[in-house]
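Given next are the chains, with one letter for each unit.
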Amino acid sequence: MITLTLQIALGCVALALLFNGWRLLKGPALGDRIVALDTMVINAIALIILIGMIGESDAYFEAALLLAMVGFVSTIAYCKFILRGDIVE
Amino acid sequence: MTMVVEIMVCALVLLGAAFVLIGSWALVRLPSTMERLHGPTKATTLGLGSLLVASVFYFQGRLGVWTAHELLIALFLFITAPISANMIAKVHLHRVRIGAFEEPDTKAGAPPRPPGEGDWATFEAPTRNTQASTANT
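The structure reproduced in this document is the subject of the present report. None of these values were measured; they are calculated from a predicted model.

1. Brief notes about the environment of Ser32 of chain B
Residues and elements named next belong to chain B. Relative to the helices and strands, Ser32 is located in the loop between helix H1 (3-29) and helix H2 (33-36). Residue Ser32 is classed as buried on the basis of its relative accessible area, which comes to 2%. Residues Ser32 and Ala100 lie 68 residues apart in sequence; the distance between their C-alpha atoms is 16 Å. Ignoring anything within four residues of it in the chain, the contact list for Ser32 reads Glu103 and Thr106.

2. Quick notes on the side chain of Thr67 of chain B
One can find Thr67 of chain B in the loop between helix H3 (38-63) and helix H4 (69-97). At 2.9 Å, the side chain of Thr67 of chain B and the side chain of Glu70 of chain B are in polar contact. Excluding anything up to four places from it in sequence, Thr67 of chain B contacts Asp58 of chain A together with Val56 of chain B.

3. Concerning the nonpolar core
Ranked by size, the top nonpolar core spans 33 residues in total, and within it Ile45, Ile49 and Met53 of chain A together with Val13, Leu48 and Ile73 of chain B carry the most contacts. Not counting residues within four places of it along the chain, the set of residues in contact with Ile49 of chain A comprises Phe61 and Ala64 of chain A together with Leu48, Leu51, Leu52 and Ser55 of chain B. Within the second largest apolar cluster, 13 residues are counted, among which are Ile76 and Leu83 of chain A together with Ala89 and Val91 of chain B.

4. Some thoughts on the packing of aromatic side chains
Any pair of aromatic rings gets described here by the distance separating the centres and the angle formed by the planes. In total, this model carries five aromatic pairs over all chains according to the counting rule given. For the ring pair Phe72 of chain A and Phe76 of chain B, a centre distance of 6.2 Å and an interplane angle of 90° mean the geometry is edge-to-face. Pair noted here: Phe72 of chain A is in helix H3 (residues 60-84) and Phe76 of chain B is in helix H4, and the two residues belong to different chains. With a relative accessible area of 18%, Phe72 of chain A lands in the buried category. Relative accessible area serves as the criterion here: at 21%, Phe76 of chain B is assigned to the partly exposed category.

5. With respect to the packing of helix H2 (residues 30-55) of chain A against H3 of chain B
At a minimum axis distance of 10 Å, the contact between H2 of chain A and H3 of chain B shows a crossing angle of 15°. On the basis of the axis angle, H2 of chain A is roughly parallel to H3 of chain B. Crossing angle aside, the handedness with which H2 of chain A passes H3 of chain B is left-handed. The residues of H3 of chain B that touch H2 of chain A, namely those facing Val35, Thr39, Ile42, Asn43, Ile45, Ala46, Ile49, Leu50, Gly52 and Met53 of chain A, are Pro40, Thr44, Thr45, Leu48, Leu51, Leu52, Ala54, Ser55, Tyr58 and Phe59 of chain B. Looking at the contact of H2 of chain A with H3 of chain B residue by residue, the classes come out as 14 nonpolar, six polar and no charged.

6. As for the interface of chain A and chain B
Between chain A and chain B, the contact holds 50 residues from the first and 50 residues from the second. Taken together, the two surfaces of chain A and chain B that pack against each other cover about 4500 Å², and 80% of this comes from carbon and sulfur. The three residues of chain A that bury the most area against chain B are Ile2, Met53 and Leu83 of chain A, which together make up 15% of that side's buried surface. Remark: the boundary between chain A and chain B carries two salt bridges. One can count eight residue pairs in polar contact (both at pLDDT 80 or more) joining chain A with chain B. When residues of the side of chain A that touches chain B are traced back to their parent elements, those giving at least two are helix H1 (2-26), H2 and H3 of chain A. With 16 residues, the single largest contributor to the side of chain A that touches chain B is H2 of chain A.

The rules behind these values
- Residues numbered from 1 in each chain as written.
- Chains lettered and ligands numbered in written order.
- Predicted model: local features only at pLDDT ≥ 70, side-chain atom pairs only at ≥ 80, totals over all residues.
- Heavy atoms only, no water.
- Helix = DSSP H or I, 4+ residues; strand = E, 2+ residues; numbered from the N terminus.
- Buried < 20%, exposed > 50% of the residue type's maximum accessible area, 1.4 Å probe, protein only.
- Contact = heavy atoms within 4.5 Å.
- Polar contact = N/O pair within 3.5 Å; in protein donor to acceptor, adjacent residues only side chain to side chain.
- Core = buried A, V, L, I, M, F, W, Y, C linked by side-chain atoms within 4.5 Å.
- Phe/Tyr/Trp six-rings, centres within 6.5 Å; stacked < 30°, edge-to-face > 60°.
- Axes fitted to C-alpha atoms, helices over the stretch in contact; angles between N-to-C directions.
- Parallel < 35°, antiparallel > 145°, perpendicular 65-115°, else oblique.
- Left-handed = near helix turned anticlockwise from the far one by under 90°.
- Nonpolar A, V, L, I, M, F, W, Y, C, P; charged D, E, K, R; others polar.
- Buried area = accessible area lost by both parts, 1.4 Å probe.
- Salt bridge = Lys/Arg side-chain N within 4 Å of Asp/Glu carboxyl O.

Shown next, in the form of structure tokens:
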């Protein structure tokens, strides 16, 4: 039962990533692209956690945590760059 | 793994995956940028939190140990998601204000201006006499 559930969840998250990629390509505003990238990072974390559950491995959580931090910092850096033309003032 | 734990993990995983999918579908479906901010920042983050809780119970059932680093990820995401959403909204308001992007004529319309003579604090402080404002220097 749990194998089937994890496969369904993997399909859902992969579809969500495709939706995000579509929005990333289409735009139209710059804000949409930043949202799409931010959501892609969150979906990638979900994918990593599901893969960790399927592989029954504890080693994926460091990757997920690092990706969460890098995703947040990159979103903020992108926004800061658009707003101020500079990241560290 | 006992049956109860397995059913709980399955329910949490399905709920989380559904929320993640709905949040991303909102990113495709909703008409304007400010509305599109809602789906990913709320539904997707909540779905990921559900997946992380499912992972805690899954590893408890499989390996027999309680782990807390999933909750660390959830905590970090729940703290940072509103901050990124705020920054992205600021970027959008800024781009609309400097005329780099024309807001499409949708039902929700363009973002409203704040009351008073000020403006949204995107590049500068809202008004010139705001405390600790860089606009004064």
